[in-house]
Amino acid sequence: MHITIWLRAILLSAVLLLTAPASAQTSTCKDSVVHRQLLFEMWNAASQEEPKKVYDACKAMQAHARAEGDRFAVYTAWVCAVLYNLGKMNVHDAYHITQLMRAEMEEDKDAKDERYFVPNMMGHVYNTCGNIPGAMEEFKKSIELIKGSVYEDEGLGFVYLALAHTQLNNNLKESLRWIDEDLKYLQQHKDSWNYYRGMADAYAMKAIVMFKQRNYDAFRSYIRQMEAMEARNPMPSGDLFVPYARVYNTLLSGDTERALAQCDSLGDKKEQYLLKCDIYYYKGDYDKAFLTQRELMHKRDSITGVMIAENIQQQQDEIGLMKDSQKMGRTMNYVMAGAMVLLILAIVLLHRNLLIRRKFSKRLMAKNEELRAANRRVTAADQMKTDFIRTVSHEIRTPLNIINGFSQVLTDENSTFEPAERHEIAETIARGTRQITSLVNKMLALANMNTKDLLKEVEETDAVDICRRAIATMPPLDPEKIKMIFEDRTNGSAKLTTNSDCLLQILGNILENAAKFTEQGHIRLTVENTGMDMRFAVEDTGCGIPTDKIDTIFDRFMKVDEFSEGLGLGLAYCHETTERLGGSLKLESTSSMGTTFVLTLPIKLKTN
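So, how was this worked out
Residues numbered from 1 in each chain as written. Predicted model: local features only at pLDDT ≥ 70, side-chain atom pairs only at ≥ 80, totals over all residues. Heavy atoms only, no water. Buried < 20%, exposed > 50% of the residue type's maximum accessible area, 1.4 Å probe, protein only. Helix = DSSP H or I, 4+ residues; strand = E, 2+ residues; numbered from the N terminus. Pairing = 2+ DSSP bridges. Axes fitted to C-alpha atoms, helices over the stretch in contact; angles between N-to-C directions. Parallel < 35°, antiparallel > 145°, perpendicular 65-115°, else oblique. Left-handed = near helix turned anticlockwise from the far one by under 90°. Contact = heavy atoms within 4.5 Å. Nonpolar A, V, L, I, M, F, W, Y, C, P; charged D, E, K, R; others polar. Salt bridge = Lys/Arg side-chain N within 4 Å of Asp/Glu carboxyl O. Patch = residues over 30% accessible without salt bridge, like charges linked within 9 Å, V, L, I, M, F, W, Y side chains within 5 Å. Areas by Shrake-Rupley, 256 points an atom, 1.4 Å probe, with all protein chains shown as cover. Phe/Tyr/Trp six-rings, centres within 6.5 Å; stacked < 30°, edge-to-face > 60°. Lys NZ or Arg CZ within 6 Å of the ring centre and 35° of its normal. Polar contact = N/O pair within 3.5 Å; in protein donor to acceptor, adjacent residues only side chain to side chain. Expected span 1.5 Å × (residues − 1). Arc of directions from axis to C-beta.

Q: Break down the pairing of strand β7 (residues 594-602) for me, with residues and values.
A: Counting buried positions along β7 gives nine out of nine residues, so the element sits mostly inside the fold. With burial as the criterion, each face of β7 is covered, one bearing Gly594, Thr596, Val598, Thr600 and Pro602 and the other bearing Thr595, Phe597, Leu599 and Leu601. Pairing of strand β5 (residues 533-540) with β7 involves eight bridges; the strand directions are antiparallel. What sits directly across from Phe536, in β7, is Leu599. Direction of pairing for strand β6 (residues 584-591) relative to β7: antiparallel, over a ladder of seven bridges. Within β7, the residue paired with Ser591 across the bridge is Gly594.

Q: With reference to specific residues and values, describe the packing of helix α8 (residues 152-166) against helix α9 (residues 172-187).
A: Put simply, α8 and α9 touch, their axes get as near as 7 Å, and they point 165° apart. In terms of orientation, α8 and α9 fall into the roughly antiparallel class. The two elements α8 and α9 meet at a crossing, and its hand is left-handed. Packed against α8, whose contacting residues are Glu152, Asp153, Glu154, Gly155, Leu156, Gly157, Tyr160, Leu161, Leu163 and Ala164, the element α9 presents Ser175, Trp178, Ile179, Glu181, Asp182 and Tyr185 at the interface. Its residues assigned to classes, the contact of α8 with α9 comprises eight nonpolar, three polar and five charged.

Q: Can you explain the pattern of salt bridges? Please cite residues and give values.
A: Applying the stated rule across the entire model yields 22 salt bridges. Here Lys141 makes a salt bridge to Glu137, at a shortest N to O gap of 3.9 Å. Placement of the pair is Lys141 and Glu137 together in helix α7 (residues 132-146), with a separation of four residues, close to one helical turn. Judged by relative accessible area, which is 35%, Lys141 ranks as partly exposed. Accessibility expressed as a relative area gives 47% for Glu137, which makes it partly exposed. Between Glu227 and Arg246 there is a salt bridge, with its nearest N and O atoms 3.1 Å apart. Pair noted here: Glu227 is in helix α11 (residues 216-231) and Arg246 is in helix α12 (residues 242-252), with a separation of 19 residues, a long-range link. A relative accessible area of 30% places Glu227 in the partly exposed class.

Q: Quick one: what's the story with a nonpolar patch on the surface, residue by residue and with numbers?
A: A contiguous nonpolar patch, built from Leu342, Leu345, Leu350 and Leu354 and spanning about 380 Å² of accessible area, is present on the exposed surface. With respect to the helices, strands and loops of the structure, Leu342 is situated in helix α16 (residues 305-347).

Q: So, the environment of Met297: which residues are in play, and what are the values?
A: Here Met297 shows up in helix α15 (residues 286-303). On the basis of relative accessible area, Met297 is assigned to the partly exposed category, the value being 38%.

Q: Explain unusual backbone geometry to me, using residue names and the numbers behind them.
A: Positive phi, close to 60°, is recorded for Arg214, a residue that is not glycine. In this fold, Arg214 is placed in the loop between α10 (195-212) and α11. For Arg214, a relative accessible area of 65% puts it in the exposed group. Notably, Asn491 is not glycine yet its phi reads approximately 55°, a positive angle. Secondary-structure assignment places Asn491 in the loop between β2 (482-489) and β3 (495-498).

Q: Explain the packing of aromatic side chains to me, and be specific about the residues and the numbers.
A: Under the definition given, this model contains 18 aromatic pairs. Ring centres of Tyr160 and Tyr185 lie 6.2 Å apart, and the angle between their planes is 70°; on these two criteria the pair is classed as edge-to-face. In this pair, Tyr160 is assigned in helix α8 and Tyr185 in helix α9, connecting sequence segments 25 residues apart. According to the relative accessible area criterion, Tyr185 is buried, its value standing at 9%. Ring geometry for Phe554 versus Phe597: centroids 6.3 Å apart, planes at 75°, classification edge-to-face. With Phe554 in the loop between β5 and α21 (570-580) and Phe597 in strand β7, the pair connects residues that are 43 residues apart, well separated along the chain. Note on Phe597: relative accessible area 9%, which makes it buried. Pairwise contacts between aromatic rings join Phe72, Tyr75, Tyr116, Phe117 and Tyr151 into one cluster. In this structure, Arg177 packs its charged tip against the face of Trp178, placed 4.5 Å from the ring centre.

Q: Any details on the sheet that holds β6? Residues and values, ideally.
A: With mixed pairing, five strands are arranged side by side in an open sheet as β2-β4-β5-β7-β6. What marks the edges here is a single partner per strand, and that holds for β2 and β6. For this sheet, the mean angle separating the axes of adjacent strands, direction not counted, is 10°. In the packing of helix α19 (residues 463-472) onto the sheet, the strands contacted are β2, β4 (521-529) and β5, and the crossing angle to β2 comes to about 170°.

Q: Can you tell me about the pairing of β4, naming the residues and giving the values?
A: By the bridge criterion, eight bridges tie β2 to β4 in an arrangement that is parallel. By the bridge assignment, Ile485 is partnered in β4 with Arg524. In this sheet, β5 lies alongside β4 in antiparallel orientation, the contact comprising seven bridges. Paired with Val527 across the bridge in β5 is Phe536.

Q: If you had to explain the environment of Gln99 to someone new, which residues and values would you point to?
A: Inspection of the secondary structure assignment puts Gln99 in helix α5 (residues 91-107). Judged by relative accessible area, Gln99 falls into the partly exposed class, the value being 22%. Separated by 23 residues in the primary sequence, Gln99 and Met122 have C-alpha atoms spaced 9.0 Å apart. At a separation of 3.2 Å, a polar atom in the side chain of Gln99 contacts the side chain of Arg102.

Q: Let's hear about helix α3 (residues 51-68): which residues, and what values?
A: An ideal rise of 1.5 Å per residue puts 26 Å on 18 residues; α3 measures up with 26 Å between its terminal C-alpha atoms. Among all positions of α3, only Val54, Ala57, Cys58, Met61, Gln62, His64, Ala65 and Glu68 are buried. For α3, the angular spread of the buried residues around the axis is 165°, confining them to a single face. What points out from α3, more than 90 degrees from its buried face, is the exposed set Lys52, Lys59 and Ala67. Within two residues after α3, Gly69 carries a phi angle of roughly 75°, on the positive side.

So yeah, pure geometry; function would need other evidence.
Below, the structure is given as structure tokens:
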């Protein structure tokens, strides 16, 4: 496994900064041998495949650095863990680690020079997700913070290159602008230890831009300049973009297979996808280019849930500002009330003024309470609408993209498929269609629940028949991995009076959730007549529900796993509908070995 280019660059920076006379390592670090050994072990672990070894090495480095008062080494360990996960497109963990770094930095009031680390890492997180505006904003924040710090001379060029790289597949003109900013910066720092490496990377980026613009003469010119600078570079192992440019140079020489092999040797999975797309487009193999691009989009779509958490935090900040504004408004109201009281005291008798003031205050308090209650309802409704639109947009976009992509492939007159491939494409389209249909059905069910009187449509219902119909509507299961079991314990007494459509929808939602979170074992549906009630139990051997989500699983838009499919409405609909039908829905048990939900409905429903 090759260490990623960004990890190599940070390692090089760390080693040089730790050995230079004006290094970021503080004078309190007493054991430089131990310090350098821990640093080497940390980055060596990052070049391997075992996350636990990486995290253990980072923790050991941080423990030593904190004891010695070396902030640079502490935050370098955070950066190592973040970039390790980004290289594998594991954005969820990278985002989480960045937030932990942010929390530590907020508590460390003396970490002023190191503040640029957080937006710099968030920029890389957003770039990996494909959120170009978010990445640009974070990198620009990083520039503002690094200027004037002890890291400006050696770190500012990295941020300029990161901005250019972010726009490389989005806006080539903007990418060139940031490359020129980097070159201007390098010309002012010719005495820097990384001048020639920086120049080599800048020319490599310009060469890549020229290739994408199909200006191959200019591409070759910048490649020559890149290699000239690289020949004078004392630390070639720290190159950022030189390896990428060499892939394009190999491709232009006509050796496609070697160019693909060079791609596979890169440690950054996202860059492998993008480079291979460019190779296939250059060779005219548009089918492979499309499939590679689609695979990258699918991976990006599967991790954009990370960014939802960031958007929620931003909205919480906006709500905080609104509350502050409301508080200021109330303060102004009190000031105005006081002024009115003083005016009345100057005109009328004290006793009459006190009575009027008391009555006025009561009315004002009642009106303010009404306004606060109305504001809370409006805010809650607006937040629910925003959450609903965001969630629905995210959940429907991925299957629609898949259906659209495969439809274009199928309708392409130049595309030929084997029967097995055509069957797989049809299955993928059908799966996406079922997903969208399920989402629409849940939204319609929730809307009908709020507009219909469910008790007016009750009828005598066969519980066993409803159970079998609910099983028939489940998503397809792999019979070799998951066994579907139905147990009828009614002893022939399976009739109850209820809304059959709602009962079918409730059982269907619970079974669908069980299928979604069960990868091995079984799903068991049991129906039992207890005399007064009809009891339905759904037991699975899935991953269980985290303890911090148990109290909120029946809330609207609440999802056990933020990155799983669904709107977070299924269990909320089931719980609310069950209560309106006079029954109860409870989480009987949950653990890492599985989960059991119990639905209880009265056999004789009271409709009055």
